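As a plain string of letters, each chain reads:
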Amino acid sequence: MKEKLSMIGHIKDTPRVLKKAYDIRDTYMHDFVNAFVTHNFKKVYFLGSGTSHHVALVIRNIFVEILKVEGVACEPTIFTYHEQVNPTGIFQNDEICVIGFSQHGDSISTCDALKRAGELGCYTISVSEQLNSVIEELSDTYCHLVCEEEEIGPETRGYTETIFQFYIQAIEIAHRKGLLDDATYQQMDSDAKALADHMDVIVAESIDWYHANKAEFLEMTKSSIAGYGVNFPTALEARLKFFETFSRPCTGYEMEEQMHGPMRAYNKDNYIFLIASEGEKEFARCQELIPYYKDAFSEHVFVVTCEEGIEITPRDLKFSYRTTDILSPMIYVIPFQVLSALICEDVGIDTKVSPIKKRYVSSHYPSQRHGNVTDSEAK
């Protein structure tokens, strides 16, 4: 039997999968793109659980910016039992599209949400890597993820590839609908190709950053991760990776929200990670907060950026490659995936082994791939 790829192995394999997704776009985007081109969707829901929820948050931002639709990303169970999808009656139900993301294709919460969306008369699209899965049967259109199966619970490669794939599809839809002219489309497409071509550098620099700070990281007992704008979801996904693997207390915050409330829990032992991404006003605020955190709370402040204007210390990671703001969640998540993977290897946590010993209640439908209950986490 082939040995499972390790967590860091999946991360290192991300550049290959992104290049593949760029090259074989014609094999996966036809039905999805046609659904958006032939329907006048005015409101789109992006639903997923766990890592897929954070994917949905990022893709929601991409579609709102590029396609100018009203976008909502919420937890599937909130959608199923509490969301009023058309409270003002301003839309026809078939003008509302509901997209369900489940990498393994068997998330109970996402499947139930798609069932409700169909009952309401919304147009439904299911997205998974696993072909012929439960979710595929519940939608009007199916979109296959080409991230390839991830063999362990904490998903990394699939997160990054899903965002990349849906960016490719978003610009294709916008071009066909006349929302992007030829020159802008070509530039945005070139941005994606350049990111795929440079992802190996992003991974390598993230690994180097980990090793340069390894001794300090191994002393970490609690941490916080903050981001803003399109990288607020990145902070949430980074927090989830820590929870899934390293198991020490960690919070994920929108940068300004971190200033409201949690500071009593922060002290000299707290490790504070800041994602300093593009954004004129927020970036300036981040520059103000970095020295404040160091002075008021902890010396363990780590900045991840590719922007100019921040004084970089040995604790920080400044990428040598810079992408566009809308694509940046794909690079800023990598250091936290790497940190989660390598720190576990160094403290003796095997991320290939699920920590859950009793599985008589699951968040997934029974799957032939994983036996009676999937071994993956709730995504």
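Preceding this paragraph is the structure being described.
Residues numbered from 1 in each chain as written. Predicted model: local features only at pLDDT ≥ 70, side-chain atom pairs only at ≥ 80, totals over all residues. Heavy atoms only, no water.

Draft legend 1. Representation of the overall build of the protein. Assigned secondary structure in the protein consists of 13 helices and ten strands. At 20 Å, the protein has a C-alpha radius of gyration in line with the 21 Å of a compact globule built from 379 residues. In terms of overall dimensions, the protein has a C-alpha envelope of 55 × 50 × 40 Å along the principal axes. In the protein, which comprises 379 residues, the share counted as buried stands at 58%. Long-range contacts, defined here as pairs at least 24 residues apart, represent 74% of the contacts in the protein between residues at least 6 apart. Carbon and sulfur atoms provide 50% of the accessible area of the protein, an area that totals close to 15900 Å². (Helix = DSSP H or I, 4+ residues; strand = E, 2+ residues; numbered from the N terminus. Rg over C-alpha atoms; globule rule 2.2 N^0.38 Å. Buried < 20%, exposed > 50% of the residue type's maximum accessible area, 1.4 Å probe, protein only. Contact = heavy atoms within 4.5 Å. Areas by Shrake-Rupley, 256 points an atom, 1.4 Å probe, with all protein chains shown as cover.)

Draft legend 2. The pairing of strand S1 (residues 43-48), seen in detail. Burial runs high along S1: six of the six residues are buried. Going residue by residue along S1, you find Lys43, Tyr45 and Leu47 tucked away on one face and Val44, Phe46 and Gly48 tucked away on the opposite face as well. In this sheet, strand S2 (residues 70-74) lies alongside S1 in parallel orientation, the contact comprising five bridges. Counted as the bridge partner of Lys43 is Glu70 from S2. Taking the sense of rotation as the criterion, the β-α-β connection linking S1, helix H4 (residues 51-67) and S2 turns out right-handed. Here S1 pairs with strand S3 (residues 96-101) via six bridges, running parallel. Paired with Lys43 across the two strands is Ile96, which belongs to S3. (Pairing = 2+ DSSP bridges. Right-handed = clockwise from strand over helix to strand, strands pointing away.)

Draft legend 3. Geometry of empty space enclosed by the protein. Counting across every chain of the model gives one cavity of 30 Å³ or more. The volume enclosed by the largest cavity comes to roughly 60 Å³. Considering the residues around the largest cavity, the lining is formed by Thr51, Ser52, Val55, Phe101, Ser102, Gln103, Val127, Leu145, Glu155, Gly158, Tyr159 and Thr162. For the lining of the largest cavity, the secondary-structure elements that each account for two or more residues are H4 and helix H7 (157-176). When the residues that make up the lining of the largest cavity are grouped by side-chain class, the tally is five nonpolar, six polar and one charged. (1 Å grid on protein atoms, 1.4 Å probe; cavity = no way out; pocket = protein on both sides within 12 Å on 5 of 7 lines; lining within 4 Å. Points joined across faces, edges and corners; volume = space filled by probe spheres on them. Nonpolar A, V, L, I, M, F, W, Y, C, P; charged D, E, K, R; others polar.)

Draft legend 4. View of the sheet that holds S1. Spatially, five strands are ordered S2-S1-S3-S4-S5 in an open sheet, and the strand pairing comes out parallel. The open sheet terminates on both sides in strands that have one partner only, identified here as S2 and strand S5 (141-144). Across the sheet, the mean angle from the axis of one strand to that of its neighbour is 20°, orientation sign disregarded. Sheet topology places S3 next to strand S4 (residues 123-128); five bridges connect them, and they run parallel. Note on S4: the bridge partner recorded for Val98 is Thr124. (Axes fitted to C-alpha atoms, helices over the stretch in contact; angles between N-to-C directions.)

Draft legend 5. Region of interest: helix H13 (residues 334-347). Here H13 is 14 residues long and its end C-alpha atoms lie 20 Å apart, about the 20 Å a rise of 1.5 Å per residue gives. For H13, the tally of buried residues reaches eleven of 14 residues, placing the bulk of the element in the interior. Downstream of H13 by a residue or two, Gly348 has a phi angle that is positive, lying close to 90°. (Expected span 1.5 Å × (residues − 1).)

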